[in-house]
Amino acid sequence: MNSDISLSSHRENRFYQGMAATFVANALQAVNFLGDRFLRQSHHSLSVIEDLYRHSMDSAFSVTEAFLVTGAPHASAYYPRDFAWFYPDVLDPETIMDAQDAVRRARLLEKSVRLLLEAVRADVVTTTIVPAGRGRYLGVNYFSRPSDTLLGILAGLRQMLSAEERASSYLAMSQCAHAGGLLLAEHGGDLKRAILKLASELEPFEADGAGYLLCDASGPRSAATDTRAERRRFVTNACVYTTFMWGVQLGVVDESELKRLLGRDLGQYKRDLLRLFGKDGYIRHSLDGTAGTPVFLVALDFVSVHRGFWDMSDASERALFAATTDLIIAEPRFRIPSTFHFLVSADNPRNKMIHKIAAPAYQGRSSWPTFNVEFADRMLDFDEFAGTETYRACAQGILKDIRTATEVHGGYQELISEQGLKYRTWAYKGAVAHSWFPRFLSVWSRAFGTPLLHWND
């Protein structure tokens, strides 16, 4: 019996998943990594931040692109999660260079979100979509099923729908918002079905005599940093909560329908997660592990996504955030020496052979500039709601060091090693993350009160 499931979709695109599809997708990705290893040309020899940004935007939003991706060797595959984690400010007017840039961004975002919604309609909700030619796409899960794929799709839609809310002279913004409304109307039912299915998959978990619901109680779920393949992680469950919240805000699903499946409203569901993962006074990265000192039980990805899990409106929530943040700031093993570059964690428990040959050790001793940007933004969220200036200086330090690294390395890096160098494995030669650059500019403006770059249209 053929293990693939093929379903027709809009525009004659077809999506496949199953054992055969996974085998083909892995083969394609191996070829992509080898091609990048031996064929990648040396990067553009620029060092001025404005020139680097212009070159990056021309690359990220080229009219020849079929989907919004990073400049990494695995960029030939499409990752729905990235629209939540890494691309939340693609349409920020302050980051757009000119009207042509605005048109390219809006068109590429619409094209990307439409394809992801077609995959949802075909019931292909996976971590990764690998194009296989002639409108054929392979849906595969690397490491485990996703917790943040629907979150990324909703984030892309949210960005389109809100495109005209910011002051902008670009006609492409209002056109993009209109296109987002059409996509929501066309695919709202598909998203609702997928969100309710996700809610039905939550599993009961008992701890300290209380009952909870987790997406990964018995098996790992994938999130943006997934190579530890751990169960009971904070970030995966925070992604699921945010998916439900955004689904309600967009009118895709009614909270009463979620409450019926969860046995509690969303407010209680969030409080349960904070109580479970924050019972020690800080946010523990994962419950699936041995006891240890606090610094080895936290990870930088607790910051979650822009306007996601952390809303900072509650004093007890701010206290948990501050305690976790203070642990990370105070621990030298979390930082590249003499910088405000924070590493994902204080150790690297599973640095397997694949990490040395082909794939980055996402969860370990490496720095994601984009996670550092989100760390800075959550710090600013905290200060805004607490009415203090507790973390602004640290947030500014993070952003200044990312700017320096961008100029030194010749572009906005996807990863930086624990020595502060370009991240390199045998097949992964330090990719430039073109598409993540606008988010950095958006948070810079917030932290310093003025844009880093100015454009004259």
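All of these numbers come straight from a predicted model, not from anything done at the bench.

Section: the nonpolar core
By size, the foremost hydrophobic cluster in this structure holds 140 residues, and its most contacted members are Phe244, Tyr269 and Phe440. Apart from the residues lying within four places of it in its own chain, the contact partners of Tyr269 are Leu202, Leu213, Asn237, Val240, Tyr241, Phe244, Leu262 and Arg264. Among the nonpolar cores identified, the runner-up in size contains eight residues, and Ala21, Ala77, Val130 and Leu138 belong to it.

Observations regarding helix α13 (residues 392-409)
With 18 residues, α13 should cover 26 Å at 1.5 Å per step; its first-to-last C-alpha distance of 26 Å lies within 8% of that length. For α13, every residue scored as buried is listed here: Cys394, Ala395, Gly397, Ile398, Leu399, Asp401, Ile402, Ala405, Thr406 and His409. Taken from the residues just after α13, Gly410 is the one with a positive phi, measuring 80°.

Describing the environment of Ala66
Its place among the elements puts Ala66 in the loop between α2 (49-60) and α3 (82-85). Residues Ala66 and Ser112 lie 46 residues apart in sequence; the distance between their C-alpha atoms is 7.4 Å. Sequence-distant contacts of Ala66, defined by excluding residues within four places in its chain, comprise Tyr78, Leu108 and Lys111.

So, the pairing of strand β6 (residues 210-214)
Where strand β5 (residues 203-207) and β6 come together, five bridges link them in antiparallel fashion. Bridge assignment links Pro204 to a residue of β6, and that residue is Leu213. The antiparallel hairpin formed by β5 and β6 contains two residues in its connecting segment, where Asp208 sits at a positive phi of about 55°.

Side note on the packing of aromatic side chains
For the coordinates displayed, the defined rule picks out 33 aromatic pairs. With a centroid separation of 6.2 Å and an interplanar angle of 45°, the aromatic rings of Phe437 and Phe440 are classed as tilted. Within this pair, Phe437 and its partner Phe440 are both found in helix α14 (residues 437-448), separated by three residues, close to a single helical turn. For the pair shown, Phe437 and Phe440 are each scored as buried. Just above the ring of Trp246 sits the side chain of Arg158; from NZ or CZ to the centre is 4.2 Å. Taking the ring centre of Phe309 as reference, the NZ or CZ of Lys270 above it sits at 4.9 Å.

Examining the packing of helix α12 (residues 369-386) against α13
Working note: a packed helix pair is described by the angle between its axes plus the distance between those axes. Where α12 contacts α13, the axes come no closer than 9 Å and their chain directions differ by 160°. Looking at the two axes, α12 sits roughly antiparallel to α13. For the crossing formed where α12 meets α13, the hand is left-handed. Contact residues: Pro369, Asn372, Val373, Phe375, Ala376, Met379, Leu380 and Asp383 in α12; Arg392, Cys394, Ala395, Ile398, Leu399 and Ile402 in α13. Counted by class, the contact of α12 with α13 contains eleven nonpolar, one polar and two charged residues.

With respect to the environment of His187
Looking at the secondary structure, you find His187 in helix α6 (residues 171-200). Since its relative accessible area comes to 1%, His187 is described here as buried. On a C-alpha basis, the gap between His187 and Glu118 in space is 8.1 Å, while along the polypeptide they are 69 residues apart. Beyond its immediate stretch of four places on either side in the chain, His187 contacts Leu117, Glu118 and Arg121.

Points about the side chain of Asn13
Looking at the element boundaries, Asn13 is found in the loop between β1 (5-8) and β2 (14-17). Within the structure, the side chain of Asn13 is placed 2.8 Å from the side chain of Glu118, a separation counted as a polar contact.

Describing the packing of helix α5 (residues 149-161) against helix α7 (residues 234-249)
Put simply, α5 and α7 touch, their axes get as near as 9 Å, and they point 35° apart. As α5 runs across α7, the sense of the crossing is left-handed. Listed contacts from α7 to Leu150, Leu151, Leu154, Ala155 and Arg158 of α5 are Cys239, Thr242, Thr243, Trp246, Gly247 and Gln249.

Points about the pattern of salt bridges
In this structure the tally under the stated criterion is 33 salt bridges. Salt-bridge contacts for Glu384 lead to Arg446; the nearest nitrogen and oxygen are separated by 2.9 Å. Remark: Arg446 occurs in helix α14 and Glu384 occurs in helix α12; sequence separation between them is 62 residues. What makes Glu384 exposed here is its relative accessible area of 55%. Note on Arg446: relative accessible area 28%, which makes it partly exposed.

Looking at helix α9 (residues 266-277)
Its twelve residues place the ends of α9 17 Å apart at the C-alpha level, agreeing with the 16 Å of an ideal helix rising 1.5 Å per residue. Inspection of α9 places Leu266, Tyr269, Lys270, Asp272, Leu273, Leu274, Leu276 and Phe277 among the buried residues, and these make up the whole buried set. Tucked into the core, α9 has its buried residues touching β5, β6, α7, α8 (255-262) and α10 (315-330). Between the side-chain oxygen at the start of α9 and the backbone nitrogen of Gly267 there is a gap of 3.2 Å, and the oxygen is on Asp265.

About the cut-offs
Each chain has its residues counted from 1, running along the sequence as written. pLDDT decides what is reported in this predicted model: residues at 70 or higher carry local features, side-chain atom pairs at 80 or more are listed and counted, and totals for whole chains, interfaces and linings draw on all residues regardless. Calculation of side-chain values draws on the structure's entire complement of heavy atoms; hydrogens and water are dropped beforehand. In this text, buried Ala, Val, Leu, Ile, Met, Phe, Trp, Tyr and Cys residues form a nonpolar core when linked through side-chain atoms within 4.5 Å. Residue burial is assigned from relative accessible area. The probe radius is 1.4 Å, only protein chains are included, and a residue is buried under 20% of its type maximum, exposed over 50%, and partly exposed in between. Here, residues are in contact when the closest pair of their heavy atoms is within 4.5 Å. Counting from the N terminus, the helices are DSSP H or I runs at least four residues long and the strands are E runs at least two residues long. Each helix should span, by expectation, one fewer than its residue count multiplied by 1.5 Å. Any two strands between which DSSP finds at least two bridges are classified as paired. Stacked, edge-to-face and tilted are the three classes for Phe, Tyr and Trp ring pairs, Trp counted by its six-membered ring, which pair at centre distances within 6.5 Å; planes under 30 degrees apart are stacked, over 60 edge-to-face, the rest tilted. In this scheme, the term charge over a ring applies when either NZ of a lysine or CZ of an arginine sits within 6 Å of the ring centre and within 35 degrees of the ring normal. Between the N-to-C directions of two axes lies an angle of 0 to 180 degrees, each axis being a line fitted to C-alpha atoms and, for a helix, fitted only over the stretch in contact. Any angle that falls under 35 degrees is termed roughly parallel, while one over 145 is termed roughly antiparallel, one within 65 to 115 roughly perpendicular, and all others oblique. The handedness criterion is simple: a crossing whose near helix is rotated anticlockwise from the far helix by less than a right angle is left-handed, and one whose near helix is rotated clockwise is right-handed. Note that Gly is not counted as nonpolar here; it falls among the polar residues with everything else outside the nonpolar set of Ala, Val, Leu, Ile, Met, Phe, Trp, Tyr, Cys and Pro and the charged set of Asp, Glu, Lys and Arg. What qualifies as a polar contact is a pair of N or O atoms within 3.5 Å, subject to a donor-acceptor requirement within protein and to the restriction that residues adjacent in sequence count only when both atoms come from side chains. Between Lys or Arg on one side and Asp or Glu on the other, a salt bridge is scored when a side-chain nitrogen of the former is within 4 Å of a carboxyl oxygen of the latter.

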